[in-house]
Amino acid sequence: MTSLAISGISRAHVTVAGCALVLCTTTAVPAVADGDIPGAKPTVVLVHGAFADSSSWDGVISRLERSGYPVIAPSNPLRGLYNDSTYIASVLDSVKGPVVLVGHSYGGAVISSAAAGNPKVKSLVYVSALMPDVGESGMSLGARFPSELGTATDSVPFRESGRSGTDLYLKRDKVHEVFAADLPESEAKLLGVTQRPAATTAFSEKAKVAAWKQIPSWALVGRQDKTINPDQERFQAKRAGSHTVEINSSHVSLIAHPDAVADLILQAAAAPGSARPSPAVSGSAHDARARTVLARFAGASLIVGAGAVLLGHRPRRARH
């Protein structure tokens, strides 16, 4: 009896019922945008400063990854504030989901420009860093808050495709004293040998934007910093309203004190707004989406029900 009833269903009725079932399935579950995973931890993007490279973050990276955070430490070109911030902004464009953006030293100026207008950046973290306001540069801030860096660099002309300029290097005999006093002398010497120079435009170009005016910020001040005056770091952090910690550190706190630096980044990452909330607790917006989904589900169910009624009342094929 059942087999005869099924065999007598027209192809049109099967198609209608099948479409209704597909509609019900596709509308009952809200779509999730690519990379927009509810409750996902933000990606921490670490930007190094002058005279350094991404390996300076090694100790911090391992601690963040142990806490379950995805991490990216791109190479900062060190060719000038405008060039470098444009490059880092392009790196941010490739990251899916929310971002905690961290800058050390000159890298702080870079992230202040790169994050401007980017809604994915939920927190900014400045580690012994520059935090220029609009119209300020590293040089203008250094003139207000002098440090020993002014007498610790050598200027070297450079040429590259289509341009020339001047690079700044740390003097080898000043690296330990001015840059990395709380590292073993042998390690400071290695930093001097492997240093990456920064073009003078990294410090002379004036900031056109200051993302810390719109994005919550955290700042670490190194009390023994001789590269950037600690008073400058305090002034910048107070002006920005940053959540601030001070530690007994030279300029390279990220190498000498990775626990303290990682802890500050974790605070910024865990702060409200640093990660997208789960739809289950996102308030009225979620309720509206739920009502829409339920309405669609109800509509689809009606279609399925109608299809079932049609199927149930389909005349059976007469037996011969």
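In what follows, the structure referred to is the one given above.
This text gives an overview of the structure that appears in the document. Just so it is clear, the model here is predicted, and its values are computed rather than measured.

Some points on the sheet that holds strand E7 (residues 198–199)
Right, on to step 1. Taking strand neighbours across the sheet as the criterion, the three strands line up as E5-E6-E7 in an open arrangement whose pairing is antiparallel. Every other strand in the sheet has two partners, leaving strand E5 (153–160) and E7 as the edge strands with one partner each.
Right, on to step 2. Note that E5 and strand E6 (residues 163–170) share eight bridges and pair antiparallel. The residue bridging Val156 from the neighbouring strand is Asp167, located in E6.

Remarks on unusual backbone geometry
Negative phi is the rule for most residues except glycine; trans is the rule for most peptide bonds.
Right, on to step 1. With a phi angle near 65 degrees, Phe51 is a residue other than glycine that sits in the positive phi range.
Right, on to step 2. Take Phe51: it is sitting in the loop between strand E1 (43–47) and helix H3 (58–66).
Right, on to step 3. Its relative accessible area of 6% is what places Phe51 among the buried residues.
Right, on to step 4. The residue Ser105 is not glycine, and still its phi comes out positive at about 55 degrees.
Right, on to step 5. Along the chain, the position of Ser105 falls in the loop between strand E3 (99–104) and helix H5 (107–114).
Right, on to step 6. According to the relative accessible area criterion, Ser105 is buried, its value standing at 8%.

Points about the sheet that holds strand E4 (residues 121–127)
Right, on to step 1. An order of E2-E1-E3-E4-E8-E9 is seen for the six strands of this open sheet, with the pairing classed as parallel. Here the strands that pair on one side only, and so sit at the sheet edges, are strand E2 (71–72) and strand E9 (243–247).
Right, on to step 2. Where E1 lies against E2, two bridges are found, and the strand directions are parallel. Bridge pairing in E2 places Val44 opposite Val71.
Right, on to step 3. Packing of H5 onto the sheet brings it into contact with E1, E3 and E4, and relative to E3 it is tilted by some 145 degrees.

Points about empty space enclosed by the protein
Right, on to step 1. Enumeration according to the criterion identifies two cavities of 30 Å³ or more in this entry.
Right, on to step 2. Each pocket or cavity is described by its volume, and for the largest cavity that value is around 40 Å³.
Right, on to step 3. Forming the walls of the largest cavity are Tyr126, Ser128, Ala129, Met131, Ala219, Leu220, Glu233 and Gln236.
Right, on to step 4. Elements with a contribution of two residues or more to the lining of the largest cavity: strand E8 (217–222) and helix H10 (230–240).
Right, on to step 5. Split into classes, the residues belonging to the lining of the largest cavity amount to five nonpolar, two polar and one charged.
Right, on to step 6. Reported here for the second largest cavity is a volume of approximately 30 Å³.
Right, on to step 7. Here the lining of the second largest cavity is built from residues that sort into five nonpolar, two polar and two charged.

Some thoughts on the packing of H3 against helix H12 (residues 258–270)
Right, on to step 1. Following both chains from N to C, one finds H3 and H12 inclined at 50 degrees, their axes separated by 9 Å at the closest point. As summarised for this structure, H3 and H12 are arranged oblique, according to the angle between their axes. H12 is crossed by H3, and the crossing has right-handed handedness. For the pair formed by H3 and H12, the contact residues are Gly59, Val60, Arg63 and Leu64 on the first element and Pro258, Asp259, Val261, Ala262, Ile265 and Leu266 on the second.
Right, on to step 2. Split by residue class, the contact of H3 with H12 holds seven nonpolar, one polar and two charged.

What counts and how
Residues numbered from 1 in each chain as written. Predicted model: local features only at pLDDT ≥ 70, side-chain atom pairs only at ≥ 80, totals over all residues. Heavy atoms only, no water. Pairing = 2+ DSSP bridges. Helix = DSSP H or I, 4+ residues; strand = E, 2+ residues; numbered from the N terminus. Buried < 20%, exposed > 50% of the residue type's maximum accessible area, 1.4 Å probe, protein only. Contact = heavy atoms within 4.5 Å. Axes fitted to C-alpha atoms, helices over the stretch in contact; angles between N-to-C directions. 1 Å grid on protein atoms, 1.4 Å probe; cavity = no way out; pocket = protein on both sides within 12 Å on 5 of 7 lines; lining within 4 Å. Points joined across faces, edges and corners; volume = space filled by probe spheres on them. Nonpolar A, V, L, I, M, F, W, Y, C, P; charged D, E, K, R; others polar. Parallel < 35°, antiparallel > 145°, perpendicular 65-115°, else oblique. Left-handed = near helix turned anticlockwise from the far one by under 90°.

Read these as layout, nothing more, since geometry by itself doesn't imply function.
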